[in-house]
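Chain residues, written in single-letter form:
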Amino acid sequence: QVMLVESGGGLVQAGGSLRLSCAASGLTLSRYTMGWFRQAPGKEREFIARVTRSGTTYYVDSVKGRFTISRDNAKNTVYLEMNSLKPEDTAVYYCAANFLDKPNYDYWGQGTQVTVSS
């Protein structure tokens, strides 16, 4: 059974930092592209970052330069380092796993809440 479990969310002031973790079980992380998504209240879930099996990263413009995605295959864990947080970053953050870089992600975590106060 595949499970992705996010942690590290919380309440932080604008300008602060958080580090999210996504611990994977039931799969071999090195075989998957891993992504982070978020969903703000009243909005659709949006993609924000991914790291491929080879370690290539990609970010949407709204987080580029502030967020860093990384992976530790030995620990089966993916991270999202978030700096210079803004109130508009408030959302539930989800990690997801994509096998063989298909258009859709195969597995999703339950999400972790990030709230940025102004």
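See the structure above.
In this report, we go over the structure that sits alongside the text. (Residues numbered from 1 in each chain as written. Predicted model: local features only at pLDDT ≥ 70, side-chain atom pairs only at ≥ 80, totals over all residues. Heavy atoms only, no water.)

Glancing now at the overall build of the protein. The secondary structure content of the protein amounts to 0 helices and 11 strands. Relative to the 2.2 N^0.38 estimate, which gives 13 Å for 118 residues, the radius of gyration of the protein is 13 Å and therefore close to what a compact globule would have. The C-alpha extent of the protein, read off along each of the three principal axes, is 40 × 25 × 25 Å. Counting all 118 residues of the protein, 44% fall into the buried class. With the model as given, the accessible surface of the protein reaches about 6200 Å², and the carbon-plus-sulfur share is 47%. (Helix = DSSP H or I, 4+ residues; strand = E, 2+ residues; numbered from the N terminus. Rg over C-alpha atoms; globule rule 2.2 N^0.38 Å. Buried < 20%, exposed > 50% of the residue type's maximum accessible area, 1.4 Å probe, protein only. Areas by Shrake-Rupley, 256 points an atom, 1.4 Å probe, with all protein chains shown as cover.)

The next thing to look at is the packing of aromatic side chains. Scanning the model with the defined rule gives 7 aromatic pairs in all. Look at Phe 47 and Tyr 58: their rings are 6.0 Å apart centre to centre, the planes differ by 15°, and that puts the pair in the stacked class. Within this pair, whereas Phe 47 is found in strand β5 (residues 46–51), its partner Tyr 58 is found in strand β6 (residues 57–59), the two being separated by 11 residues in sequence. Accessibility expressed as a relative area gives 41% for Tyr 58, which makes it partly exposed. A cation over a ring is seen here: Arg 19 above Tyr 79, with NZ or CZ 4.0 Å from the ring centre. (Phe/Tyr/Trp six-rings, centres within 6.5 Å; stacked < 30°, edge-to-face > 60°. Lys NZ or Arg CZ within 6 Å of the ring centre and 35° of its normal.)

The next subject is the sheet that holds strand β1 (residues 3–7). Read from one edge of the open sheet, 4 strands run β1-β3-β8-β7, paired in antiparallel fashion. Each edge of the open sheet carries a strand with a single partner, namely β1 and β7 (67–72). The sheet shows a mean angle of 15° between the axes of neighbouring strands, taken without regard to direction. (Pairing = 2+ DSSP bridges. Axes fitted to C-alpha atoms, helices over the stretch in contact; angles between N-to-C directions.)

Next up on the list: the pairing of strand β4 (residues 32–39). Within β4, 7 of the 8 residues are buried, which leaves the element mostly enclosed by the surrounding structure. Across 8 bridges, the pairing between β4 and strand β9 (residues 91–99) is antiparallel. Following the sheet pairing, Trp 36 is matched in β9 by Cys 95. With 5 bridges connecting them, β4 and β5 associate as antiparallel partners. Residue pairing for β5: Phe 37 is matched across the bridge by Phe 47. Linkage of β4 to β5, two consecutive antiparallel strands, is achieved through a turn of 6 residues, within which Gly 42 is found at a positive phi near 75°.

Once that is clear, we can look at the pairing of β5. As paired elements, β5 and β6 share 3 bridges and run antiparallel to each other. Considered in β6, the bridge of Ala 49 is made with Tyr 59. Two successive antiparallel strands, β5 and β6, enclose a turn made up of 5 residues, where Gly 55 displays a positive phi of approximately 100°.

For Asp 89, the position within the fold is in the loop between β8 (77–82) and β9. For Asp 89, the side chain forms a polar contact with the side chain of Arg 38, separated by 2.9 Å. (Polar contact = N/O pair within 3.5 Å; in protein donor to acceptor, adjacent residues only side chain to side chain.)

A separate point is the pattern of salt bridges. Tallied over the full model, the rule gives 7 salt bridges. Here Arg 38 ties to Asp 89 by a salt bridge, and the two come within 2.9 Å at their closest N and O atoms. In this pair, Arg 38 is assigned in strand β4 and Asp 89 in the loop between β8 and β9, connecting sequence segments 51 residues apart. Taken as a pair, Arg 38 and Asp 89 share a single burial class, namely buried. In this structure, Arg 66 and Asp 89 form a salt bridge, with 2.7 Å as the shortest nitrogen-oxygen distance. Note that Arg 66 is positioned in the loop between β6 and β7 and Asp 89 in the loop between β8 and β9, a separation of 23 residues in sequence. One exposure class covers both Arg 66 and Asp 89, and it is buried. Taken together, the shared-partner salt bridges connect Arg 38, Glu 46, Arg 66 and Asp 89 into one network. (Salt bridge = Lys/Arg side-chain N within 4 Å of Asp/Glu carboxyl O.)

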